[in-house]
Amino acid sequence: MEIRPILSTLLRHKTAAALIVVEIALTCAIICNALFMIGDRIQQVNETSGIAERELLRVQIISIGGDKNAAALTATDLASLRAIPGVKDATVLNQVPFVNSSWNSGIRLHREQERPTLNATSYMVDDHYLNTLGLKLVAGRDFEPGEYITSQQFDDPNANVSITSAVITRKLGEALFPGENPVGKVYYSWGDEPTRIVGVVDHLVRPSSQGGPSAREYTVIYPIRPSYDVGGNYVIRTEPARRAEVLKAAIAALRANSNNRIVLEDSTKTFEELRREFYQNQRSMAWLLAIVCIGLLLITALGIIGLASFWVQQRTRQIGVRRALGATRAQILRYFQTENFLLATAGIALGMLLAFGLNQLLMSKYELPRLPLWYLPVGAVVLWVLGQIAVFGPARRAASVPPAIATRSA
Amino acid sequence: MFAYYFNLALRSFKRNKALTALMVLAIALGIGACMTTLTVFHVLSGDPIPQKSDKLYFVQLDPRTRQGMQPGEEPEDQVTRFDAETLLREKRADRQAMMTGGGVSVTPQRKELAPFTASARYTSADFFPMFETGFLYGGGWSAKEDGNRARVAVISKSLNDKLFGGANSVGRQVRLDQADFTVVGVTDGWKMNPRFYDLNSDRYGGAEEVLLPFSTSRDLEMSRNGSMNCWGNTGADATDLNAPCVWIQYWAELGTPAKAAAYRDYLASYSEQQRKAGRYERPANARLRNVMDWLDYQRVVPGDVILQMWLGFGFLLVCLVNTVGLLLAKFLRRSGEIGVRRALGASRRAIFVQCLVEAGTIGMAGGIIGLGLSLLGLWLVRQQPSSYAKLAHLDPGMLLVTFALAIVASLLAGLLPAWRAMQVTPAVQLKTQ
């Protein structure tokens, strides 16, 4: 294929050619970044929480104006919940994943450290947490019964207790002690007493998205038995098929234990529902980006069709002359396709620079991660294919120009 | 002349239906995307209290220990209870209010209604005139009730509807947690968007249903919410007067810039005095921000909304480049016609104007369809579950902006093609004809 005559023709239509190049470049830049953001959001939506989501229910309950017997009532509640047919296990937590508030604390590696190394979330649990939540212990051990204290003791300044042990996530261990086994190591968080890491669980996300995606699993579990009025979360594990039935029975059982409480209906639901609602914004943003991408591709394709049609019309005589001189239909078709390929290539080259620049801007303004380089060839291929499809119609019309037209005046 | 060009433009549309439709569609899509995202941004970044936003100031102090101090660091976003109560007592502003968010349980007197929870704000008397709450019935409480830890409450219109069927409930009792409160006022559906006075929880979530004196809430140990930041030994109760924890929002109303400047000096000398007393360890580091500065500092508009706005503009830009190309094709296709007009005496300027009128007409058509698209887009936004989504409505101002943007954008897109069209030399065109 002769590229030189195509180039010289294009040079005579600089403005129109430049417009196509610019349009493709802009589309390429936006689409590469949008696709990347979509991927980023999808990754967030599909994150591993570490808990047996499909089997879990949350009931949030609060007392009316405080409860002096919260600890005893919590024990009764847990016994009633565990006795419900279909319940595998039940536990009480100060906080649960997929909500917008959380308990957090700074973590220091040395007692005298001025600023915390990082900020992690603190789950307070009772001794059924591992089995109920379905967490996977990958190193060390679970808490021993003697290590548990109650949330009342923890809050009482005169009780003189300290939190000596903690279970953390693998990700937190890697962040605090890179390349080392965190089991047995100590850190400082609450007060001046060290806390020893006794075990590591595979995954457990923090309740809210505080700290961004990179801090999602900066999670510590403490052996502090919360009473129900600390956060008010009962978590129940059952079979997925029995969730609705068990949830109803659980609410009834809790109401039967005391009528001085309110079940917060809005936050009492399955973890699947909690997760769906938690990621609603991320999902709709991904959809929006996808729609914008499709819209951009459509507009670009229509632009190419429009300009190519104009070109074909303008060059009808020239095409007729070429045909009369012996050019085949296929050669005419290839001419326009090559022309488009050249324009698209120029646009893509410019677009990649733009895409990279745009990503730099987004990184600095919106803490977006760096655009992986493989998004660029993906964007390029998409635009090449789009250009070829868009130009096919006008090119075929050009190919069907009869040679006789050369003899007619325009 | 304009009418004639307009007529010519309409004729030209008829001759080139597909191309024209394509351009109108491109502009409409660009305008639709741009205006949808711009409207959401406009709504969320608006001034929640325009008549007073330059008179209300948010107070920040730095009561932390020396540990971990970094030069130039911003102070905490909230103040300690000790500082809030001291500032409130010293009354150096025109008006002042301390506050925190909370939650209470409401036990209705009507037996058929089960107890439920309501969002609450624990604050002080000046809150109501400062934030112009407006009242359907009754009014706020006075500083006397604050001091007496009185059991008085102001409730929202919606709670009044729920509990009292919308009747005037002033003087009636409402049971909150386990205490009886006397209703002194019912607000008139008052709400602020964003909820600038406390940005800790849902920023576009509407107003609290119950307001009661801060002192009373502490007396009854009512549950608080929002963010709390502590350092050092907090003791048993982090909400205690002397606990080293920040969890209270403090607002001052200062009528003139001079008063604001004087208040800044006051905060600096207060900090210094606290440092001398050994309570503060850091050098005076106070801030006084008015409403819009505070919203700006807190980056109240969600990042996604800003990102969407830029995406909308990017989309419009691509649509415009596309329109430039198509207009160019369209005008140059008519080179013959233009050549004849030029040969018959039309000036270059006339050709240019005629082309621009045609571009503007396309822009107007695109604007009308784009308006429909942005209404559709905003409707889609409102279907989202986030609390700010409900606010996404087009106001008359944005309606005007839509049309202005559509026409300006299409005129800009028309500039280059019109310029090229006006360069058409009559002789060459007539020859090839």
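Bear in mind the structure is a predicted one, so any value in this text is a computation, not a measurement.

Comments concerning the overall build of chain B
Right, on to step 1. In terms of helices and strands, chain B carries 14 helices and 13 strands.
Right, on to step 2. When the backbone C-alpha atoms are referred to their principal axes, chain B occupies close to 95 × 60 × 35 Å.
Right, on to step 3. Long-range pairs, those at least 24 residues apart, make up 76% of the contacts in chain B with a sequence separation of at least 6.
Right, on to step 4. When the accessible area of chain B is evaluated, it comes to approximately 18300 Å², of which 57% is carbon and sulfur surface.
Right, on to step 5. Between the centroid of the 48 positive side chains of chain B and the centroid of its 38 negative side chains there is a distance of 13 Å.

What to know about the overall build of chain A
Right, on to step 1. Counting its secondary structure elements, chain A contains 12 helices and 14 strands.
Right, on to step 2. In summary, chain A has a C-alpha radius of gyration of 32 Å against a globular reference of 22 Å for 410 residues, an excess of more than 25%.
Right, on to step 3. Each of the three principal axes of chain A carries a C-alpha extent, and together these read 105 × 50 × 35 Å.
Right, on to step 4. Among the 410 residues that make up chain A, the fraction classed as buried is 51%.
Right, on to step 5. The long-range fraction of contacts in chain A, counting pairs at least 24 apart against all pairs at least 6 apart in sequence, stands at 81%.
Right, on to step 6. On chain A, roughly 18500 Å² of surface is accessible, and the fraction owed to carbon and sulfur atoms is 58%.
Right, on to step 7. Here chain A contributes 42 positive and 34 negative side-chain charges, whose respective centroids are spaced 18 Å apart.

Focus on the domain arrangement of chain A
Put simply, an interface is often sized by how much accessible area is lost when its parts join up.
All names here are of chain A.
Right, on to step 1. Domain parsing of chain A yields domain 1 (3–46 + 279–406) and domain 2 (53–277).
Right, on to step 2. In this structure, domain 1 and domain 2 have C-alpha centres spaced 52 Å apart.
Right, on to step 3. Listed as interface residues are six residues of domain 1 and, on the opposing side, six residues of domain 2.
Right, on to step 4. Each partner contributes to the roughly 450 Å² buried at the junction of domain 1 and domain 2, and carbon and sulfur atoms together form 38% of this total.
Right, on to step 5. Inspection of the domain 1/domain 2 interface yields eight residue pairs in polar contact (both at pLDDT 80 or more).
Right, on to step 6. Contributions of two or more residues to the side of domain 1 that touches domain 2 are made by helix H2 (14–45) and helix H9 (280–314).
Right, on to step 7. Here the residues of the side of domain 1 that touches domain 2 are counted per class, giving two nonpolar, three polar and one charged.

Thoughts on the UniProt feature "transmembrane region" (unreviewed entry) in chain B
Residue and element names in this part refer to chain B.
Right, on to step 1. The positions UniProt marks with the feature "transmembrane region" (unreviewed entry) are residues 21–44, 309–329, 350–379 and 399–419.
Right, on to step 2. Between the C-alpha atoms that bound residues 309–329 there is a distance of 30 Å. The span itself is 100% helix and 0% strand.
Right, on to step 3. Annotation note: span residues 350–379, helix share 100%, strand share 0%, distance between end C-alpha atoms 43 Å.

Focus: the interface of chain B and chain A
Right, on to step 1. Taken together, the contact between chain B and chain A spans 45 residues of the former and 41 residues of the latter.
Right, on to step 2. A combined buried area of about 3700 Å² lies between chain B and chain A, and 69% of that area is made up of carbon and sulfur atoms.
Right, on to step 3. It is B:Leu307, B:Leu311 and B:Val318 that lose the most area in chain B upon contact with chain A, and together they represent 16% of the buried surface on that side.
Right, on to step 4. The interface formed by chain B and chain A holds two salt bridges in total.
Right, on to step 5. Notably, a salt bridge pairs B:Asp304 with A:Arg41, separated by 2.8 Å at the nearest N-O pair.
Right, on to step 6. Taken together, the connections running from chain B to chain A amount to eight residue pairs in polar contact (both at pLDDT 80 or more).

Considering the UniProt feature "transmembrane region" (unreviewed entry) in chain A
Residue and element names in this part refer to chain A.
Right, on to step 1. In this numbering, the UniProt entry assigns the feature "transmembrane region" (unreviewed entry) to residues 16–38, 285–312, 341–362 and 374–393.
Right, on to step 2. Helix makes up 100% of residues 16–38 and strand 0%, with an end-to-end C-alpha separation of 32 Å.
Right, on to step 3. Summarising residues 374–393: 95% helix, 0% strand, and an end-to-end C-alpha distance of 31 Å.

Here we look at the state of the cysteines
Each disulfide consists of a covalent bond between the sulfur atoms of two cysteine residues.
Residues and elements named next belong to chain A.
Right, on to step 1. Overall, the coordinates contain one disulfide over all chains when judged by the stated rule.
Right, on to step 2. Take cysteine 32: it sits in no disulfide, and the sulfur closest to it among the cysteines is that of cysteine 28, at 4.2 Å.
Right, on to step 3. Among the residues examined, cysteine 32 registers a relative accessible area of 0% and is labelled buried.
Right, on to step 4. Just so you know, cysteine 293 is unpaired, no disulfide at all, and the nearest cysteine sulfur is the one on cysteine 32, 9.3 Å from it.

What about helix H8 (residues 257–276) of chain B?
All names here are of chain B.
Right, on to step 1. Helix length check: H8 (20 residues) gives 29 Å between terminal C-alpha atoms against 28 Å at 1.5 Å per residue, within 8%.
Right, on to step 2. Buried residues of H8: Ala260, Tyr263, Tyr266, Leu267, Tyr270, Ser271 and Gln274, and no others. Each buried residue of H8 lies within a common arc of 135 degrees when the element is viewed along its axis, so the set occupies one face. More than 90 degrees from the buried face of H8, the exposed residues found are Ala258, Asp265 and Lys276.
Right, on to step 3. The elements touched by buried residues of H8 are strand S1 (56–60), helix H3 (81–90), strand S12 (245–253) and strand S13 (287–290).
Right, on to step 4. In the stretch just after H8, glycine 278 is the one whose phi turns positive, near 90 degrees.

About the criteria used
- Residues numbered from 1 in each chain as written.
- Chains lettered and ligands numbered in written order.
- Predicted model: local features only at pLDDT ≥ 70, side-chain atom pairs only at ≥ 80, totals over all residues.
- Heavy atoms only, no water.
- Helix = DSSP H or I, 4+ residues; strand = E, 2+ residues; numbered from the N terminus.
- Contact = heavy atoms within 4.5 Å.
- Areas by Shrake-Rupley, 256 points an atom, 1.4 Å probe, with all protein chains shown as cover.
- Lys, Arg positive; Asp, Glu negative; His and termini not counted.
- Charge placed at Lys NZ, Arg CZ, Asp CG, Glu CD.
- Rg over C-alpha atoms; globule rule 2.2 N^0.38 Å.
- Buried < 20%, exposed > 50% of the residue type's maximum accessible area, 1.4 Å probe, protein only.
- Domains from an automatic or database assignment.
- Buried area = accessible area lost by both parts, 1.4 Å probe.
- Polar contact = N/O pair within 3.5 Å; in protein donor to acceptor, adjacent residues only side chain to side chain.
- Nonpolar A, V, L, I, M, F, W, Y, C, P; charged D, E, K, R; others polar.
- UniProt positions renumbered as here; feature names shortened; annotations may be inferred.
- Salt bridge = Lys/Arg side-chain N within 4 Å of Asp/Glu carboxyl O.
- Disulfide = S-S within 2.5 Å.
- Expected span 1.5 Å × (residues − 1).
- Arc of directions from axis to C-beta.

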